[in-house]
Amino acid sequence: AAAAAAAAAAGLGPVRVKYVRLPRCTFARFRPRTNNDSMSALDVKAVLEENLRRHATLSTGDKVRVWHRGRPYELEVVELRPEPSGCSLLDTDVEVEIDVSEEYARHAAEEAARPAWERRSPQPQAQQQPPQAQAQQRHA
């Protein structure tokens, strides 16, 4: 009762705690936060296995920092099975997949949004022209 009164005085509402039994995680998909070439050389699954021993649960959207040889690697949980809202990692084997990084996905989306004539041309950027300009030069 005293803790509730102190929380009310501080302008905080009541805190509810609920016990929830989480299913054992069977699958987790992670996305690196940055495009890190050294990460591709790692045995990512082994590194994850070692680092996830320090976690009891995962939820979709969690940010997980794993360490390998003194370097941190930031990963985001993008998919979990059987329950996306949260799964237990205790006494379970988890199948792990690694997606492309956010940085790589953003770059690929930007590249796909560029006009096709810009993507195909092997010419240096300064020499690239729209297809109409190239067609006019050929007919001149």
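A few points on the structure.

The rules behind these values
- Residues numbered from 1 in each chain as written.
- Predicted model: local features only at pLDDT ≥ 70, side-chain atom pairs only at ≥ 80, totals over all residues.
- Heavy atoms only, no water.
- Buried < 20%, exposed > 50% of the residue type's maximum accessible area, 1.4 Å probe, protein only.
- Helix = DSSP H or I, 4+ residues; strand = E, 2+ residues; numbered from the N terminus.
- Arc of directions from axis to C-beta.
- 1 Å grid on protein atoms, 1.4 Å probe; cavity = no way out; pocket = protein on both sides within 12 Å on 5 of 7 lines; lining within 4 Å.
- Points joined across faces, edges and corners; volume = space filled by probe spheres on them.
- Nonpolar A, V, L, I, M, F, W, Y, C, P; charged D, E, K, R; others polar.
- Pairing = 2+ DSSP bridges.
- Axes fitted to C-alpha atoms, helices over the stretch in contact; angles between N-to-C directions.
- Core = buried A, V, L, I, M, F, W, Y, C linked by side-chain atoms within 4.5 Å.
- Contact = heavy atoms within 4.5 Å.

**Section: helix α3 (residues 44–52)**
An α-helical turn contains 3.6 residues, so any two residues separated by three or four positions project in the same direction. Listed as buried for α3 are V44, V47, L48, N51 and L52. The arc that holds every buried residue of α3, seen down its axis, measures 120°, which confines them to one face. Facing away from the buried surface of α3 by more than 90 degrees, the exposed residues are K45 and E49.

**Here's the deal with the layout of surface pockets**
Reported here for the largest pocket is a volume of approximately 240 Å³. Lining the largest pocket are K45, L48, E49, L52, R53, L89, T92, D93, V94 and V96. Split by residue class, the lining of the largest pocket holds 5 nonpolar, 1 polar and 4 charged.

**Some thoughts on the sheet that holds strand β3 (residues 63–68)**
Here 4 strands make up an open sheet; going across it, the order is β3-β4-β1-β6 and the pairing mixed. Edge positions in the sheet fall to β3 and β6 (95–98), since each of these pairs with one other strand and no more. The average undirected angle you get between the axes of adjacent strands in this sheet is 35°. Of the pairings in the sheet, the one linking strand β1 (residues 27–32) to β6 comprises 4 bridges and is parallel in character. Bridged to R29 within β6 is E97.

**A short note on the nonpolar core**
A general feature of soluble globular proteins is that nonpolar side chains tend to end up buried together. One finds F30, L48, L58, V64, V66 and L80 to be the most contacted residues of the largest nonpolar core, which totals 17 residues. What L58 contacts, discounting residues up to four positions off in sequence, is F30, V64, V77, L80, G86, C87 and L89.

**Quick look at the side chain of R29**
Relative to the assigned elements, R29 resides in strand β1. Residue R29 is classed as buried on the basis of its relative accessible area of 18%. Apart from residues lying up to four places away in sequence, R29 is in contact with E76, V77, V78, E79, R81, E97 and D99.

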